[in-house]
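Each chain, written out:
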Amino acid sequence: MSQNMDIFNNMESEVRSYVRSFPTIFTKAKGYKMWDESGKEYIDFFAGAGALNYGHNDSVMQKKLVEYITSDGITHSLDMASTAKAEFLNRFNEVILKPRDLNYKVMFPGPTGTNTVESALKLARKVTGRTDIISFTNGFHGMTIGSLSVTGNSMKRKGAGIPLQNVVTMPYDNYVDDQDSLDYLERFLEDSGSGVAIPAAMILETVQGEGGINAASFEWLKKLEGICKRWGILLIVDDVQAGVGRTGTFFSFEPAGIKPDIVCLSKSLSGYGLPFAVTLVRPEIDKFQPGEHNGTFRGNNHAFVTATSALSYWENDDFEKDVKVKSEKIYTFLEKMVKKYPELKGEVRGRGFMVGIASEVEGLSNKIAANAFELGLIMETSGPKDEVFKLFPPLTIDEEGLNKGFAIIEESIKAQVK
Ligand code: PMP
């Protein structure tokens, strides 16, 4: 073991959690590959939990960033206007919003996913004058008090140390074509005479990442949007993990044909793994006064530069088409694994590049992921019991990378199901 590894092994704290899953020290990364101190090469099917949808160190973004830095482009400008910020806003409008007929104002809520969720919850409460938020079982929205309050995971909620209030948790459309939960919700809202408070907003992921790759059906999402409209409840889609192409379209909600009032984006938005988040807000509900939701590190200019460059991937349909072809390959592979290895007691979950296998066999997904790591593939597990092993390669991965990854996964399944 290297000397550098000692520093992690001697530390008594949770910061080691990923080190326990991936016990080595990484030095370099490019595209879908990573290397550790010993020079061992790994295939990255983790992609920073969805923060590296374009892979590591994309050459075009890297060049743009280096040019910007060496020409003394402004790094930190708080809320001041900058050319990098203007370019990002223009391109985001032209390449992403306009072609999708979406009309949102762009707000910079702070550097990470939890910041955009906090801003969305605050704004919804301010706009509606109501307090309650409806969230869903197994949803994950972040680690600060507001975003944790809408997170459906009891272990994580306990970490708050205080009661997390003003949130009603409803059953998520757990991959079943069962719309009863929404009928129940609507009956509950109709019963206002008995003291039920109409909530300010509903917040959800269209595909739950941390909660176990549960993909809501499009019908369920449509029906949910209908309820929000009928009752004047704001619909917040947290696209921090499922957005920026992870499910095959820029926004995860596009194929469902819904238009949320507020959208949370972060993770892969900078394109280069830099901290960056936006909150997209329907213009009519842009009600924050200047200074009402601020922060020092909103709108980092380096992230603007790489994020603007990343949008080029979306300029024509080719990228999306390529992602679709590859995601079908991934899905087919997973279905083949479930059939070929019945001992897995597996179920394929998710859509696009946000997929995995849920195994009913306790602990098996973690064993498969650990085995794959030994063979040079990085893969994470998720779900309340870590029952799902997640395939999250960069969207830019090529055929060779996918096939190498598949081979390692199959070998790991074979080794662990006996
Ligand atoms: N929302 C979702 C859907 C997420 O997956 C995450 C992070 N896993 C967050 C919010 C929080 O983002 P961050 O860790 O950047 O605060």
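Parameters at a glance
- Residues numbered from 1 in each chain as written.
- Predicted model: local features only at pLDDT ≥ 70, side-chain atom pairs only at ≥ 80, totals over all residues.
- UniProt positions renumbered as here; feature names shortened; annotations may be inferred.
- Helix = DSSP H or I, 4+ residues; strand = E, 2+ residues; numbered from the N terminus.
- Rg over C-alpha atoms; globule rule 2.2 N^0.38 Å.
- Buried ≥ 20, exposed ≤ 12 C-beta atoms within 10 Å, placed from the backbone.
- Contact = placed C-beta atoms within 7 Å.
- Axes fitted to C-alpha atoms, helices over the stretch in contact; angles between N-to-C directions.
- Left-handed = near helix turned anticlockwise from the far one by under 90°.
- Nonpolar A, V, L, I, M, F, W, Y, C, P; charged D, E, K, R; others polar.
- Near = placed C-beta within 6 Å.
- Domains from an automatic or database assignment.
- Pairing = 2+ DSSP bridges.

The name an unreviewed UniProt entry gives the protein chain is Diaminobutyrate--2-oxoglutarate transaminase, with Aquibacillus rhizosphaerae as the organism. Checking UniProt for the protein chain, the heading Sequence similarities (unreviewed entry) contains the comment "Belongs to the class-III pyridoxal-phosphate-dependent aminotransferase family."

Draft legend 1. Broad picture of the overall build of the protein chain. When helices and strands are tallied, the protein chain shows 14 helices and 17 strands. Over its C-alpha trace the protein chain gives a radius of gyration of 21 Å, about what one expects of a compact globule, namely 22 Å for 418 residues. Judged by the C-alpha coordinates and their principal axes, the protein chain covers about 60 × 55 × 45 Å. Burial analysis of the protein chain (418 residues in total) assigns 45% to the buried set. Long-range contacts, defined as pairs at least 24 residues apart, comprise 72% of the intrachain contacts of the protein chain with a sequence gap of at least 6.

Draft legend 2. How the structure looks around the environment of G211. Mapped onto the fold, G211 is located in the loop between β8 (207-208) and β9 (214-215). You can call G211 buried: it has 22 C-beta atoms within 10 Å. Separated by 194 residues in the primary sequence, G211 and G405 have C-alpha atoms spaced 24 Å apart. Contacts of G211, omitting those with residues within four sequence positions, involve N138, G139, F140, G152 and G383.

Draft legend 3. View of the packing of helix α4 (residues 59-70) against helix α11 (residues 301-310). For the pair α4 and α11, the least separation of the axes is 9 Å and the interaxial angle reads 145°. Like other packed secondary-structure pairs, α4 and α11 cross with a definite hand, here right-handed. On α11, the residues touching V60, M61, K64, L65 and Y68 of α4 are H302, V305, T306, S309 and A310. Among the residues making up the contact of α4 with α11, the classes are represented as six nonpolar, three polar and one charged.

Draft legend 4. Summary view of the site of the ligand. Among the 15 residues in the neighbourhood of the ligand, the closest are listed as T112, G113, T114, V240 and Q241. Element by element, the count of residues in the shell around the ligand is highest for helix α6 (residues 113-128), at three residues.

Draft legend 5. Focus on the domain arrangement of the protein chain. For the protein chain, the assigned domains read domain 1 (3-57 + 317-417) and domain 2 (73-314). Opposite the 28 residues of domain 1 that make contact, domain 2 presents 26 residues. Going through the elements one at a time, α3 (47-50), α12 (318-340), β13 (346-351), β14 (354-359) and β17 (388-391) are the ones with two or more residues in the side of domain 1 that touches domain 2. The element that contributes the greatest number of residues to the side of domain 1 that touches domain 2 is α12, accounting for five residues. Across the side of domain 1 that touches domain 2, the residue classes tally to 13 nonpolar, nine polar and six charged.

Draft legend 6. Spatial organisation of the packing of helix α5 (residues 83-97) against α11. At a minimum axis distance of 8 Å, the contact between α5 and α11 shows a crossing angle of 35°. For the element pair α5 and α11, the recorded crossing hand is left-handed. Contact residues: α5 offers A84, K85, E87, F88 and R91, while α11 offers N301, F304, V305, A307 and T308. Classifying every residue of the contact of α5 with α11 gives five nonpolar, two polar and three charged.

Draft legend 7. Spatial organisation of the sheet that holds β17. Taken in spatial order, the four strands of this open sheet run β13-β14-β17-β16, and their pairing is antiparallel. The open sheet has two free edges, formed respectively by β13 and β16 (380-382), since each of these has just one partner strand. Mean inter-strand twist for the sheet, computed between neighbouring axes without regard to direction, equals 30°. By the bridge criterion, three bridges tie β16 to β17 in an arrangement that is antiparallel.

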